[in-house]
Amino acid sequence: MTGFLIRRLGGAVLVLFALTAILYGIFYVAPGDVAQLVCGPRCSPAQVAQVTEQLRLNDPLYVQYGHFLQGIVAGRDFSTGTGVEHCSAPCLGVSYQSDQQVTQLILAKLPVTGSLVIGAFAGWLLLGVGTGVLSAWRRGRLTERVLTWLTLAGSATPVFVIGLLLIIVFCSTLQWLPAPSYVPFSEDPEQWAWGLLLPWVSLALIESAKYARLTRSAMLETLAEDHVRTFRAYGVGERAIIGRHALRGAVAPVIALSALDFGTMFGGAVLTESLFGIPGIGRELVNAVKVVDLPVVVGMVLVTGFFVVLANAAADLLYALADRRVVLS
Amino acid sequence: MTTRELLVDVSDLTVDFGSVRAVDGLSFTLEAGGALGVVGESGSGKSASAYALLGLHRGTGARVGGTVKVAGTDVNAADDAGLRALRGAKAAMVFQDPLSSLDPYHPVADQIAEVYRVHHRASRKAARARAVEVLDRVGIPDAARRSRLRPHEFSGGMRQRALIAMALACEPRLIVADEPTTALDVTVQAQILDLLHTLRQETGMGLLLVTHDVGVAAESVDDVLVMREGREVERGPVARVLGSPREAYTKELLAAVPRVETRRVVPSQRVAEDVTPLLEAVDLRREFGRGSGKVAAVGGVSLTVHAGQTLGIVGESGSGKTTLGRMLVRLLDPTAGRLRYGGTEIGSLSEKELRPFRRELQMVFQDPVASLNPRRSVGESVADPLRAAGERDEGRVRDRVGALLERVGLDPAHFERYPHEFSGGQRQRIGIARALAAEPKVIVCDEPVSALDVTTQAQVVALLAELQRELGIGLVFIAHDLAVVRQVSDRVAVMRGGLIVEQGSADEVYGDPQDPYTKQLLAAVPALDPGLAAARRAARRELAAA
């Protein structure tokens with residue numbers, strides 16, 4: 001168990017290390033003059049040169065990358081043009097655009113995206129697994145056909161269509177809900193929940209379709225297994241068979257997929273964040289890519305990658321807990 | 001004459017799967033406390049009939065006709081609640097594969113307790129106590145502790161005991177056992193059959209035993225019903241049906257059953273003592289895993305294979321016989337030891353150096369379904385070794401494949417057909433044709449007939465012997481079935497725990513076994529004669545006590 005965690009962490013560090021190296025490489029060869037972009041269109045060549053110097057853009061790739069790594073381990077100093085600012089470890093650098101420290105930026109955005117993802121995650125698991133179980137149970141009946149059709153429609157609809165529909169219906173026409181917004185949990189938990197309700201629901205609706213289909217097929221598979229037949233042959237009711245025996249076997253693929261989704265959602269909920277005006281990591285990441293703000297991009301990707309790795313390790317643990325035949329190694 | 005109450009009363013039972021009629025107008029009865037064996041080959045409808053007793057076809061799409069009365073319940077007419085009240089409480093089923101028939105996620109006792117609580121008002125604790133009680137009853141040592149284990153932590157025999165314990169939990173009046181020992185080793189099979197026998201004597205419950213193995217039925221039941229193509233062929237007291245069968249099919253079935261008393265059917269060529277063996281293994285070893293997890297699957301085995309002769313290797317699961325077989329044709333590399341083929345040391349040759357020998361060392365596998373590529377025609381599969389040997393002329397390949405198919409008793413025109421279009425026996429013939437295509441000197445057959453019905457088994461065994469006599473091939477015949485091995489072998493090696501415990505001519509090993517393990521194996525083989533079965537049972541008890 002401890003050995004497993006250590007190996008997993010070691011692997012995670014390697015993956016994240018490779019990820020940042022690749023990002024640096026891509027940005028180095030990508031077209032576009034970063035200094036010009038940072039400085040603005042009206043800058044003189046001299047000013048651009050000064051910015052280039054200040055951001056150390058003339059240094060070779062490996063030197064820039066070395067500074068980045070040094071920042072994470074030991075912290076580093078930045079020249080702000082007028083003075084020197086210290087960024088303490090773990091330092092992910094300073095935004096080219098706003099002179100803000102990336103670490104601070106991420107810490108500010110993380111609770112926002114975290115709120116969105118956790119609520120939506122709970123929603124899509126509940127909705128998806130519930131629908132999947134129900135349609136496996138009612139196989140061949142009308143319930144199943146309707147549910148199958150609904151999940152197909154759900155997975156085929158983009159989030160901005162569902163989101164827009166929800167906003168129009170609940171915020172404009174019926175006026176039941178306030179316009180979606182983000183209020184920190186620590187400020188007002190009730191406002192926090194109401195403001196995020198629509199984003200949660202839209203994400204959950206879209207994502208749950210996938211889970212419903214996955215759960216349904218996994219359930220049908222376990223329902224056809226010999227041990228389910230055994231309990232039927234001993235007079236155990238269908239409800240107990242589904243709840244105690246079939247579902248237990250069907251959760252493995254659900255755990256695996258939700259781990260991936262949970263992690264990627266931290267950087268990947270861009271559309272939802274943009275649509276509902278939620279200032280999260282996804283939106284920040286897209287903006288940063290547009291202006292070639294390398295430190296911000298690398299920092300955000302690192303955080304997303306971290307959550308993917310973390311969620312997968314958690315999934316493996318859960319999986320071993322659910323199925324005692326699994327040996328962690 | 002006292003008529004006892006009828007526990008099972010089946011009349012004119014039909015079961016249809018789509019357009020296929022699996023059971024066609026079957027009628028039989030079973031008195032309270034009686035034991036009926038339903039015997040037949042695969043596809044005879046015996047399992048479908050057993051399932052109908054508990055109404056297990058309901059909700060599967062199969063159509064069931066006729067009337068089935070079990071312990072007072074009209075199964076086909078009962079509603080779902082009535083059926084649930086029957087299942088487990090009055091009639092309980094024991095399934096074939098004990099590993100897949102138990103839920104892998106829950107401790108064994110919890111599963112038994114769950115079943116108990118379906119039929120009895122009992123607290124969780126009381127139900128668990130009952131579970132431990134029945135586990136103890138079926139001979140699980142240290143039942144209280146073991147009851148908390150999950151099925152994968154049990155051995156095969158213990159799992160089947162646990163399933164029987166589940167069946168006993170609610171004290172049913174009837175146990176329906178569907179091939180309860182087919183997945184088990186022969187010594188474990190004997191233990192389970194003995195257990196069922198004792199339980200029946202002590203509890204007075206009825207037993208309906210479905211099996212393809214006539215010997216298993218002979219050991220365990222009073223009456224036997226022989227089935228074929230969904231119909232009854234013959235029914236009567238077991239001693240009468242097996243002793244003096246009236247129907248031709250029963251006679252044919254009984255004749256095909258291999259017996260440990262039967263010597264090699266087709267005699268082989270005599271080999272002089274001083275002739276150099278075709279294949280010789282000296283102290284061959286194979287280990288798996290590393291460090292503390294290292295296991296020696298084969299721990300130092302020496303044997304010889306002569307041209308035109310058959311070496312039988314017999315052993316139970318986990319004895320290392322498959323690992324040994326694969327090393328003999330170098331599908332697995334030995335960890336240590338020497339392997340000499342026709343005077344050349346091939347145990348340590350590299351893959352490239354081995355090339356010229358590959359063709360001459362062939363293998364026939366156990367599962368004819370899994371060892372043929374389902375997406376390629378059988379002709380292509382048989383042609384593989386020819387193409388691998390460098391034959392490029394399409395006409396010659398076709399001619400040769402046609403001749404090979406014909407040689408193993410198949411229609412050469414079936415070149416373009418796919419594996420699923422053939423029966424199990426035919427598929428095994430295709431496997432043999434593929435091995436022959438390379439013109440081998442040695443063929444290692446790993447459980448070549450264990451997936452086949454007895455009548456098909458006899459045909460494939462005869463084919464192998466014929467081919468051997470014709471082509472002078474050295475055969476290694478690996479099997480768990482002692483009777484089959486005796487039928488085909490000149491020499492026999494008995495394996496246990498990766499070692500050969502006894503080796504000699506078939507007559508020596510079977511006629512006068514020296515090693516206690518060999519004696520135990522032979523005592524565990526079910527006897528076809530019900531009179532003999534009792535004697536064997538006594539002998540087993542004696543051996544177990546010793």
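It should be emphasised that the depicted structure is a prediction, and the values quoted were computed from it without experimental measurement. (Residues numbered from 1 in each chain as written. Chains lettered and ligands numbered in written order. Predicted model: local features only at pLDDT ≥ 70, side-chain atom pairs only at ≥ 80, totals over all residues.)

*Asks:* Mind showing me how you'd approach the overall build of chain B here?
*Replies:* What chain B contains, in helices and strands, is 20 helices and 20 strands. For a compact globule of 546 residues, the expected C-alpha radius of gyration is about 24 Å, and chain B comes in at 25 Å, within 12% of that figure. On the principal axes, the C-alpha backbone points of chain B span a range of 70 × 55 × 45 Å. A buried classification covers 47% of the 546 residues belonging to chain B. The long-range share in chain B, meaning contacts at least 24 apart out of those at least 6 apart in sequence, stands at 68%. (Helix = DSSP H or I, 4+ residues; strand = E, 2+ residues; numbered from the N terminus. Rg over C-alpha atoms; globule rule 2.2 N^0.38 Å. Buried ≥ 20, exposed ≤ 12 C-beta atoms within 10 Å, placed from the backbone. Contact = placed C-beta atoms within 7 Å.)

*Asks:* Could you clarify how one ought to interpret the overall build of chain A in this entry?
*Replies:* A tally of helices and strands in chain A yields 13 helices and two strands. Along the longest, intermediate and shortest principal axes, the C-alpha atoms of chain A span 85 × 55 × 40 Å. Evaluated residue by residue, chain A yields a buried proportion of 36% over its 329 residues. Within chain A, contacts between residues separated by at least 24 positions form 65% of all contacts whose residues are at least 6 apart in sequence.

*Asks:* Looking at this structure, how should I read the interface of chain B and chain A?
*Replies:* Often, the extent of an interface is quoted as the loss of accessible area upon association of its parts. Each side of the interface is counted separately: chain B has 24 residues, and chain A has 16 residues. The greatest single-element share of the side of chain B that touches chain A, amounting to four residues, is contributed by helix 3 (residues 108-119) of chain B. A breakdown of the residues in the side of chain B that touches chain A according to their chemical character gives 13 nonpolar, five polar and six charged. (Nonpolar A, V, L, I, M, F, W, Y, C, P; charged D, E, K, R; others polar.)

*Asks:* I'm lost on the domain arrangement of chain A in this one. Help?
*Replies:* Residue and element names in this part refer to chain A. We note that the domain assignment places domain 1 (2-102) and domain 2 (106-322) within chain A. A straight line from the C-alpha centre of domain 1 to that of domain 2 covers 33 Å. Contacts between the two partners involve 18 residues from domain 1 and, on the opposite side, 16 residues from domain 2. Contributing elements (two or more residues each) for the side of domain 1 that touches domain 2: helix 1 (2-29) and helix 2 (34-39). Considering each element in turn, the side of domain 1 that touches domain 2 owes the most residues, eight residues, to helix 1. Its residues placed into classes, the side of domain 1 that touches domain 2 shows 12 nonpolar, five polar and one charged. (Domains from an automatic or database assignment.)

*Asks:* I would appreciate a short explanation of the sheet that holds strand 5 (residues 73-74) of chain B in the present structure.
*Replies:* The strands making up a sheet are joined through hydrogen bonds of the backbone, oriented either antiparallel or parallel. Residues and elements named next belong to chain B. Within the open sheet, the four strands sit side by side as 2-1-4-5. Their pairing is antiparallel. Both edges of this open sheet fall to strand 2 (20-31) and strand 5, since each of them pairs with a single strand only. Across the sheet, helix 1 (residues 46-53) touches strand 1 (6-17), strand 2 and strand 4 (63-70), and the angle it forms with strand 1 is around 120 degrees. (Pairing = 2+ DSSP bridges. Axes fitted to C-alpha atoms, helices over the stretch in contact; angles between N-to-C directions.)

*Asks:* For this particular structure, what's the right way to read the confidence of the model for chain A?
*Replies:* Low pLDDT marks stretches whose predicted atomic positions should not be read closely. Averaged over chain A, the pLDDT score is 86; the fraction of residues at 70 or greater is 99%. By mean pLDDT, helix 2 of chain A is the weakest element of chain A at 77, and helix 9 (residues 226-233) of chain A is the strongest at 93. (pLDDT = per-residue confidence, 0-100.)

*Asks:* Help me out: how do you make sense of the domain arrangement of chain B in this one?
*Replies:* Here chain B is described as being made up of domain 1 (100-171) and domain 2 (279-513). The C-alpha-based centres of domain 1 of chain B and domain 2 of chain B are spaced at 41 Å.

*Asks:* Can you walk me through the pairing of strand 16 (residues 361-364) of chain B in this structure?
*Replies:* Residues and elements named next belong to chain B. Burial along strand 16 is two-sided: the residues Leu 361 and Met 363 and Gln 362 and Val 364 are all buried. Pairing of strand 16 with strand 17 (residues 442-446) involves four bridges; the strand directions are parallel. Among the inter-strand pairings, Val 364 is bridged to a residue of strand 17, identified as Cys 445.

*Asks:* What is the right way to look at the sheet that holds strand 15 (residues 344-345) of chain B in this model?
*Replies:* Residue and element names in this part refer to chain B. Read from one edge to the other, the open sheet built from four strands follows the order 12-11-14-15, with strand pairing classed as antiparallel. Here the strands that pair on one side only, and so sit at the sheet edges, are strand 12 (295-305) and strand 15. Strand direction decides the pairing type here: strand 14 (residues 336-341) and strand 15, joined by two bridges, are antiparallel. Among the inter-strand pairings, Arg 340 is bridged to a residue of strand 15, identified as Glu 345.

*Asks:* How should the packing of helix 3 of chain B against helix 4 (residues 124-137) of chain B be read in this particular structure?
*Replies:* If you want to describe how two helices pack, look at the angle between their axes and the distance between the axes. Residue and element names in this part refer to chain B. The contact between helix 3 and helix 4 brings their axes to 8 Å, and the two run at 115 degrees. At the point where helix 3 passes helix 4, the crossing takes the right-handed sense. Where helix 3 abuts helix 4, its residues Ala 109, Ile 112, Ala 113, Tyr 116 and Arg 117 lie against Arg 124, Ala 127, Arg 128, Arg 130, Ala 131, Val 132, Val 134 and Leu 135. Among the residues forming the contact of helix 3 with helix 4, the class breakdown is nine nonpolar, no polar and four charged. (Left-handed = near helix turned anticlockwise from the far one by under 90°.)

*Asks:* What exactly am I supposed to notice about the packing of helix 8 (residues 189-223) of chain A against helix 10 (residues 238-268) of chain A here?
*Replies:* Residue and element names in this part refer to chain A. Between helix 8 and helix 10, whose axes approach to 8 Å, the crossing angle comes to 150 degrees. Between helix 8 and helix 10, the crossing angle belongs to the class labelled roughly antiparallel. As for the relative orientation of helix 8 and helix 10, their crossing is right-handed in sense. Only Ala 246, Gly 249, Ala 250, Pro 253, Val 254, Leu 257 and Asp 261 of helix 10 make contact with helix 8, whose side of the interface consists of Glu 207, Tyr 211, Leu 214, Thr 215, Ala 218, Met 219, Thr 222 and Leu 223. (Parallel < 35°, antiparallel > 145°, perpendicular 65-115°, else oblique.)

*Asks:* Mind showing me how you'd approach the environment of A:Ile278 here?
*Replies:* Residue and element names in this part refer to chain A. Relative to the helices and strands, Ile 278 resides in the loop between helix 11 (270-276) and helix 12 (281-290). Taking the number of C-beta atoms within 10 Å as the measure of exposure, Ile 278 has 22 and is therefore buried. Here the alpha-carbon distance between Ile 278 and Leu 116, two residues 162 residues apart in the chain, equals 8.8 Å. Apart from the residues within four sequence positions on either side, Ile 278 is in contact with Val 112, Leu 116, Tyr 182, Pro 199 and Glu 273.

*Asks:* Honestly, helix 11 (residues 321-328) of chain B in this entry has me stumped. Any pointers?
*Replies:* Residues and elements named next belong to chain B. In terms of burial, helix 11 is a largely internal element, eight of the eight residues being buried. Residues of helix 11 that are buried sit in contact with strand 11 (279-288), strand 12, strand 13 (310-315), strand 17, strand 18 (474-479) and strand 19 (491-496). Of the residues one or two after helix 11, Arg 330 is the one with positive phi, at around 60 degrees.

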